[in-house]
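Here is how the chains run, residue by residue.
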Amino acid sequence: MEGLLVIGDVVTDVVALHERPLATGTDTAADIVLRPGGSGANTASWAAVLGADTRFLGRAGYDTGDWHIAELVKAGVRPHVRVDPDRPTAIVIAMVDATGERSMLTNRGAGGHISVADWATSLLDGVRHLHVSGYTLFAEPGLELARLAMREAAQRGVTVSVDPASTGPLRAFGVERFLSETSPAGIVIPNLEEALVLTGQSVPEAAAEILSARYGTAVVKLGSGGALLGVGGRVVDRAPAAAADLVDSTGAGDAFAAGFLAALLAGISPAEALKKGCEAGAAAVSEVGGRPGAGNFTRLTPIARFQRKLPQ
């Protein structure tokens with residue numbers, strides 16, 4: 001089997017879309033919705049919708065854990081989600097302005113306590129690829145889990161990718177530390193800001209070259225600029241962004257990662273997988289929230305699958 005295991009965060013997203021700038025000290029009118037989210041859970045959901053045999057490992061809280069598990073199942077994911085009896089699910093308040101750009105307030109809740117206690121070697125049964133959300137590494141229990149999972153994946157010949165997640169926590173964690181801890185990964189999937197932070201470069205091409213020399217494969221997400229593919233220290237391809245009606249950028253990078261990885265698992269070439277990532281990202285920005293909604297099921301065709309080895 002060509003399965004995908006995603007380790008990461010599951011989050012309750014409160015998304016507020018406001019046309020006018022936030023007014024300090026008073027009210028700002030907004031459309032506010034509640035959505036299931038979390039970088040790791042989003043990626044797993046998109047990958048499942050795209051046809052990948054997807055598992056997800058995460059930790060939710062006592063308040064909304066059952067809802068999150070049900071939403072993952074609805075998307076076609078096999079969830080391995082422990083419900084923490086003492087902590088609420090992580091929550092993010094995402095404020096989205098008229099351009100679709102977002103600012104976030106975050107409480108990691110139960111997700112910040114995922115640990116080796118949540119791990120079982122059997123999670124890798126039938127899995128060809130492990131994808132780790134960088135958020136997992138940013139608390140010590142999750143870091144221990146990521147180390148264990150990546151080590152066991154390497155022992156079983158399972159390829160590994162990592163998404164650096166967010167520049168703020170990444171800087172706080174430490175760039176060199178992050179690069180060292182994620183060295184078992186053969187694929188890194190940062191956005192532009194994360195790629196520049198990780199390399200100290202000022203242009204995406206140079207960052208892609210450096211990261212691909214270190215990991216083997218680097219996919220740098222450029223938002224409306226599409227994406228770059230670096231392999232072995234060289235930029236070997238780029239893809240334009242797919243056409244989209246921008247509503248909310250929440251989860252676009254997660255969807256991109258899912259599209260790219262699902263395509264690789266289907267045996268599609270990395271260059272074509274780059275395009276599939278852009279298509280999934282475009283679908284994500286066309287609706288509110290970070291998960292595939294009803295409209296997105298019609299935008300995307302599940303990727304046909306056949307066996308092919310992932311890049312090391």
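This one's a predicted model, so the numbers in the text were calculated from it and none came from an experiment. (Residues numbered from 1 in each chain as written. Predicted model: local features only at pLDDT ≥ 70, side-chain atom pairs only at ≥ 80, totals over all residues. Heavy atoms only, no water.)

A. Broad picture of the sheet that holds strand S7 (residues 102-107). If you walk across this open sheet you meet the 4 strands as S3-S2-S6-S7, and the pairing is mixed. Looking at which strands have only one partner, the edges of the open sheet turn out to be strand S3 (31-37) and S7. Averaged over all pairs of adjacent strands, the angle between their axes in this sheet comes to 20°, without regard to strand direction. With 7 bridges joining them, strand S2 (residues 11-17) and S3 adopt antiparallel strand pairing. In the strand pairing of S3, Ala 16 is matched with Ile 32. Of the strands in this sheet, S2 and S3 are in contact with helix H2 (residues 65-75), which crosses S3 at around 75°. (Pairing = 2+ DSSP bridges. Helix = DSSP H or I, 4+ residues; strand = E, 2+ residues; numbered from the N terminus. Axes fitted to C-alpha atoms, helices over the stretch in contact; angles between N-to-C directions. Contact = heavy atoms within 4.5 Å.)

B. Representation of the pattern of salt bridges. Under the defined criterion, the tally for this structure stands at 15 salt bridges. Here Arg 82 makes a salt bridge to Asp 118, at a shortest N to O gap of 3.3 Å. Here Asp 118 lies in the loop between S7 and strand S8 (127-133) and Arg 82 lies in strand S5 (residues 78-84), a separation of 36 residues in the sequence. We classify Arg 82 as partly exposed; its relative accessible area is 39%. A salt bridge links Asp 163 to Lys 221; the shortest N-O distance between them is 3.4 Å. Of this pair, Asp 163 sits in strand S9 (residues 159-163) while Lys 221 sits in strand S11 (residues 217-221), placing them 58 residues apart in sequence. Residue class for Asp 163 comes out buried when judged on its relative accessible area of 4%. Of the residues examined, Lys 221 reaches a relative accessible area of 9% and is grouped as buried. (Salt bridge = Lys/Arg side-chain N within 4 Å of Asp/Glu carboxyl O. Buried < 20%, exposed > 50% of the residue type's maximum accessible area, 1.4 Å probe, protein only.)

C. Seen up close, the layout of surface pockets. Of the volumes computed, that of the largest pocket is approximately 1400 Å³. Lining the largest pocket are 48 residues, and of these Arg 102, Asn 191, Ser 249, Ala 252 and Gly 253 lie nearest its centre. Of all the elements in the fold, those that place two or more residues in the lining of the largest pocket are S2, helix H1 (39-49), strand S6 (90-96), S7, helix H4 (167-173), helix H6 (192-199), helix H8 (252-265) and helix H9 (270-285). Broken down by element, the residue count for the lining of the largest pocket peaks at 5 residues, all from H9. Partitioned by chemical class, the residues of the lining of the largest pocket number 19 nonpolar, 19 polar and 10 charged. (1 Å grid on protein atoms, 1.4 Å probe; cavity = no way out; pocket = protein on both sides within 12 Å on 5 of 7 lines; lining within 4 Å. Points joined across faces, edges and corners; volume = space filled by probe spheres on them. Nonpolar A, V, L, I, M, F, W, Y, C, P; charged D, E, K, R; others polar.)

D. Layout of the nonpolar core. Leu 5, Trp 119, Leu 130 and Phe 178 are the most contacted members of the largest nonpolar core, which has 41 residues in total. Contacts of Phe 178, omitting those with residues within four sequence positions, involve Gly 134, Leu 137, Phe 138, Val 162, Pro 164, Leu 170, Phe 173, Leu 198 and Tyr 215. One finds Ala 44, Ala 48, Leu 265 and Ala 280 within the second-largest nonpolar core, a separate group that totals 25 residues. (Core = buried A, V, L, I, M, F, W, Y, C linked by side-chain atoms within 4.5 Å.)

E. Representation of the confidence of the model for the protein chain within the structure. With 93% of its residues at a pLDDT of 70 or more, the protein chain shows a mean pLDDT of 90. Note that pLDDT drops below 50 for residues 304-312; the model gives that stretch 28 contacts with residues more than four away or on any other chain. (pLDDT = per-residue confidence, 0-100.)

F. Geometry of the sheet that holds strand S4 (residues 54-61). If you trace the 9 strands from one edge of the open sheet to the other, you get S5-S4-S1-S8-S9-S10-S11-S12-S13, paired in mixed fashion. Each edge of the open sheet is held by one strand with a lone partner, namely S5 and strand S13 (234-239). Examined bridge by bridge, S9 and strand S10 (residues 187-188) share 2 bridges and lie parallel to one another. The residue of S10 that forms the bridge with Val 162 is Val 188. Sheet contacts for H1: strand S1 (3-7), S4 and S8; angle to S4, the most-contacted strand, approximately 150°.

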